[in-house]
Amino acid sequence: MGTVEYIQHHLTNNTIGEGFWTFNMDTIVVSFLLGALIVFMAARLGKKLETGTPGGFQNFVESILDFVATNVRDAFPGHNPLIAPIALTIFLWVWIMNFMDLIPVDLLPYLYQLITGDSHAYLKVVPTTDLNTTLAMSFTVFALILFYNIKIKGVVGFIKMFLFHPFGKFFVPVNVVMTLIEEIAKPLSLALRLFGNMFAGELVFLLIALIGGTLAVGAAALFWAPLQVLLDLGWLIFHLLVITLQAFIFMVLTIVYLGMAHDEGH
Amino acid sequence: MSINATLLIQIIAFVLLIWFVNKVLWGPLSKLMEERQKKIADGLSAAEKGKHELELAEQKAKEVLKEAKAQAQNVLSQAEKRGSEIVEDAKVKATEEADRIKASAQAEIEQEVSRAREELRKEVAVLAISGAEKILSKEVNAAAHNDMLEALVKQI
């Protein structure tokens with residue numbers, strides 16, 4: 001199997017259906033399982049919550065909650081009890097989906113191929129390297145932005161925002177175009193940033209994996225195999241930072257965008 | 001890698017997950033954390049209050065102690081005064097008693113003296129009469145000269 005084929009194979013989804021009605025089953029199953037894991041852990045924790053002296057795991061979760069709550073307080077004006085759970089969900093889900101990136105790139109596909117018996121079965125394990133996932137989240141956020149814009153400012157206020165912002169009433173056509181771009185850029189930048197980072201990260205992991213796969217033949221393996229381990233470890237540590245940062249950025253920008261939607265004087 | 005119906009599924013998944021996280025994780029845990037924060041704040045204020053009360057009690061105890069000391073001092077000085085009074089009183093009484101005893105003794109002595117003198121006088125009278133009898137060798141009529149003798153006795 002050649003280098004290009006190897007990479008392409010890894011970056012192809014396991015699909016069901018045709019055309020638009022194609023379902024990326026790996027993305028859906030993995031993201032659902034991870035979401036279920038979050039809910040399961042939360043429910044298990046919820047059964048033995050302690051007010052006085054929380055144990056290790058509860059402490060850990062509480063510190064995450066505190067972190068999210070602090071960010072919401074800092075970046076979100078006013079009060080909306082829905083913002084913090086949304087931010088928390090984004091942070092946890094994105095982080096844990098990104099974390100799939102840190103599992104050795106060939107492990108899960110290989111296991112899957114073993115189980116199905118099909119040595120060419122596709123499996124793309126990181127849901128955030130699928131644009132559908134990142135766009136799904138950013139579109140939901142976008143829908144919330146529109147909803148709160150109209151709810152807080154009213155329909156008239158919302159239209160006014162398009163007509164008279166940012167250049168005042170003498171540049172109405174320019175304003176409409178500018179505001180339109182500004183608003184559409186929000187969900188697109190959210191989704192594409194996360195997708196791009198995770199896709200690139202995955203690609204680098206694949207390239208590092210290729211060192212061993214293609215170059216480590218015979219005596220050369222003595223040199224290339226340790227190098228692969230070293231590079232893999234380095235990128236893994238760096239990527240641990242990246243996945244957390246990306247989850248954090250998605251969360252904070254969501255809070256900020258929703259905050260802007262709540263801002264009446266805009 | 002193209003956008004397809006997966007998007008719709010993921011939107012549903014995302015919304016569902018938000019609902020679940022809110023219900024299972026954020027709701028109970030944030031409520032608990034808020035309660036704990038309130039409890040800690042209450043505890044701190046209670047501790048502050050307790051400290052304040054302790055200070056007050058200490059101050060009060062000090063005052064009571066001071067008062068008790070003053071009272072004890074007062075009682076002591078009063079007792080001392082009373083004691084000296086009693087001693088003085090006893091002294092005065094003793095002096096009076098002594099004076100009285102002395103006076104009565106003196107009176108008794110005087111009485112004794114006068115009685116002795118009376119006795120003596122009588123004996124002297126008898127002696128004088130008997131002497132005179134012997135000198136005169138002649139019996140003097142006691143009855144006849146009684147007046148004279150009485151006068152003599154008085155003169156002695």
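Residues numbered from 1 in each chain as written. Chains lettered and ligands numbered in written order. Predicted model: local features only at pLDDT ≥ 70, side-chain atom pairs only at ≥ 80, totals over all residues.

1. Notes on the overall build of chain A
Here comes step 1: Scanning chain A for helices and strands turns up eight helices and two strands.
Here comes step 2: When the helices and strands of chain A are placed in sequence order, the string is α-β-β-α-α-α-α-α-α-α.
Here comes step 3: Counting only C-alpha atoms and orienting by the principal axes, one finds that chain A spans roughly 75 × 55 × 35 Å.
Here comes step 4: The buried share of chain A, taken over its 266 residues, is 32%.
Here comes step 5: Taking the intrachain contacts of chain A between residues at least 6 apart in sequence as the baseline, contacts between residues at least 24 apart amount to 70%. (Helix = DSSP H or I, 4+ residues; strand = E, 2+ residues; numbered from the N terminus. Buried ≥ 20, exposed ≤ 12 C-beta atoms within 10 Å, placed from the backbone. Contact = placed C-beta atoms within 7 Å.)

2. Here we look at the overall build of chain B
Here comes step 1: Tallying secondary structure elements over chain B gives two helices and zero strands in all.
Here comes step 2: Whereas a compact globule of 156 residues would reach a radius of gyration of roughly 15 Å, chain B reaches 61 Å, over 25% beyond that.
Here comes step 3: Overall, chain B is about 195 × 20 × 20 Å in size when its C-alpha atoms are taken along their principal axes.
Here comes step 4: The buried share among the 156 residues of chain B stands at 10%. (Rg over C-alpha atoms; globule rule 2.2 N^0.38 Å.)

3. Observations concerning the packing of helix α4 (residues 83–99) of chain A against helix α8 (residues 221–262) of chain A
Residue and element names in this part refer to chain A.
Here comes step 1: Look at α4 against α8: their axes get within 8 Å of each other, and the N-to-C directions meet at 155°. Here α4 lies roughly antiparallel to α8, going by the angle between them. Our pair here, α4 against α8, has a crossing hand that is right-handed. Of the residues in α8, those in contact with I83, I86, A87, I90, F91, V94, W95, N98 and F99 of α4 are I243, T244, Q246, A247, F248, F250, M251, T254, I255 and L258. (Axes fitted to C-alpha atoms, helices over the stretch in contact; angles between N-to-C directions. Parallel < 35°, antiparallel > 145°, perpendicular 65-115°, else oblique. Left-handed = near helix turned anticlockwise from the far one by under 90°.)

4. Some points on the UniProt feature "coiled-coil region" (unreviewed entry) in chain B
Here comes step 1: Cross-referencing UniProt, the feature "coiled-coil region" (unreviewed entry) maps to residues 47–82 of chain B in the present numbering.
Here comes step 2: Secondary structure across residues 47–82 of chain B divides into 100% helix and 0% strand, with the first and last C-alpha atoms of the span separated by 51 Å. (UniProt positions renumbered as here; feature names shortened; annotations may be inferred.)

5. What to know about the interface of chain A and chain B
Here comes step 1: Tallying the contact residues gives 37 residues for chain A and 27 residues for chain B.
Here comes step 2: For the side of chain A that touches chain B, the elements supplying multiple residues, two or more each, are β2 (23–24), α2 (25–47), α3 (56–75), α4 and α6 (131–164) of chain A.
Here comes step 3: Among the elements that make up the side of chain A that touches chain B, the one with the highest residue count is α2 of chain A (10 residues).
Here comes step 4: Across the side of chain A that touches chain B, the residue classes tally to 23 nonpolar, 12 polar and two charged. (Nonpolar A, V, L, I, M, F, W, Y, C, P; charged D, E, K, R; others polar.)

6. Focus: the nonpolar core
Across soluble globular proteins, nonpolar side chains show a tendency to be buried alongside one another.
Here comes step 1: Residues A87, L88, I90, F91, W93 and V94 of chain A together with V21 of chain B are the most contacted members of the largest nonpolar core, which totals 59 residues.
Here comes step 2: Mapped onto this core, the elements with two or more residues apiece are α2, α3, α4, α6, α7 (172–215) and α8 of chain A together with α1 (6–136) of chain B.
Here comes step 3: The greatest single-element share of this core, amounting to 13 residues, is contributed by α4 of chain A.
Here comes step 4: Setting aside its immediate chain neighbours within four residues, F91 of chain A contacts V68, A247, F248 and M251 of chain A. (Core = buried A, V, L, I, M, F, W, Y, C linked by C-beta atoms within 7 Å.)

7. Side note on the environment of L131 of chain A
Residue and element names in this part refer to chain A.
Here comes step 1: Relative to the assigned elements, L131 resides in helix α6.
Here comes step 2: A count of 22 C-beta atoms within 10 Å places L131 in the buried class.
Here comes step 3: Separated by 30 residues in the primary sequence, L131 and D101 have C-alpha atoms spaced 15 Å apart.

8. Some remarks on the confidence of the model for chain B
Here comes step 1: Averaged over all residues, the pLDDT of chain B is 88; the fraction at 70 or higher stands at 94%.
Here comes step 2: Both confidence scores are given for the complex: pTM 0.72, ipTM 0.85. (pLDDT = per-residue confidence, 0-100.)

9. A look at the packing of α4 of chain A against α1 of chain B
Helix packing geometry: the angle between the two helix axes and the distance between the axes.
Here comes step 1: At their nearest, the axes of α4 of chain A and α1 of chain B sit 9 Å apart, and the two run at 105° to each other. Here α1 of chain B runs roughly perpendicular to α4 of chain A, going by the angle between their axes. Counted together, A84, P85, I86, L88, T89 and W93 of chain A of α4 of chain A and L17, I18, V21, N22, L25 and W26 of chain B of α1 of chain B form the full contact between these two elements.
Here comes step 2: Here the contact of α4 of chain A with α1 of chain B is composed, by residue class, of 10 nonpolar, two polar and no charged.

10. Structural notes on the UniProt feature "transmembrane region" (unreviewed entry) in chain A
Residues and elements named next belong to chain A.
Here comes step 1: In the numbering adopted here, UniProt assigns the feature "transmembrane region" (unreviewed entry) to residues 20–43, 82–100, 131–150, 201–224 and 236–260.
Here comes step 2: Along residues 131–150 the backbone is 100% helical and 0% strand, and the end-to-end C-alpha distance reaches 28 Å.
Here comes step 3: Across residues 236–260 one finds 100% helix and 0% strand; the C-alpha atoms that close the span lie 36 Å apart.

11. Focus: the confidence of the model for chain A
Here comes step 1: The predicted model of chain A has a mean per-residue pLDDT of 84, with 95% of residues at 70 or higher.
Here comes step 2: Per-element mean pLDDT across chain A ranges from 80 in strand β1 (residues 15–16) of chain A up to 90 in α4 of chain A.

12. Things to note about α8 of chain A
Here comes step 1: The first and last C-alpha atoms of α8 of chain A sit 59 Å apart over 42 residues, in line with the 62 Å expected at 1.5 Å per residue.
Here comes step 2: Three or more residues of α8 of chain A are buried, namely H239, I243, Q246, A247, F250, M251, T254, I255, Y257, L258, A261 and H262 of chain A. (Expected span 1.5 Å × (residues − 1).)

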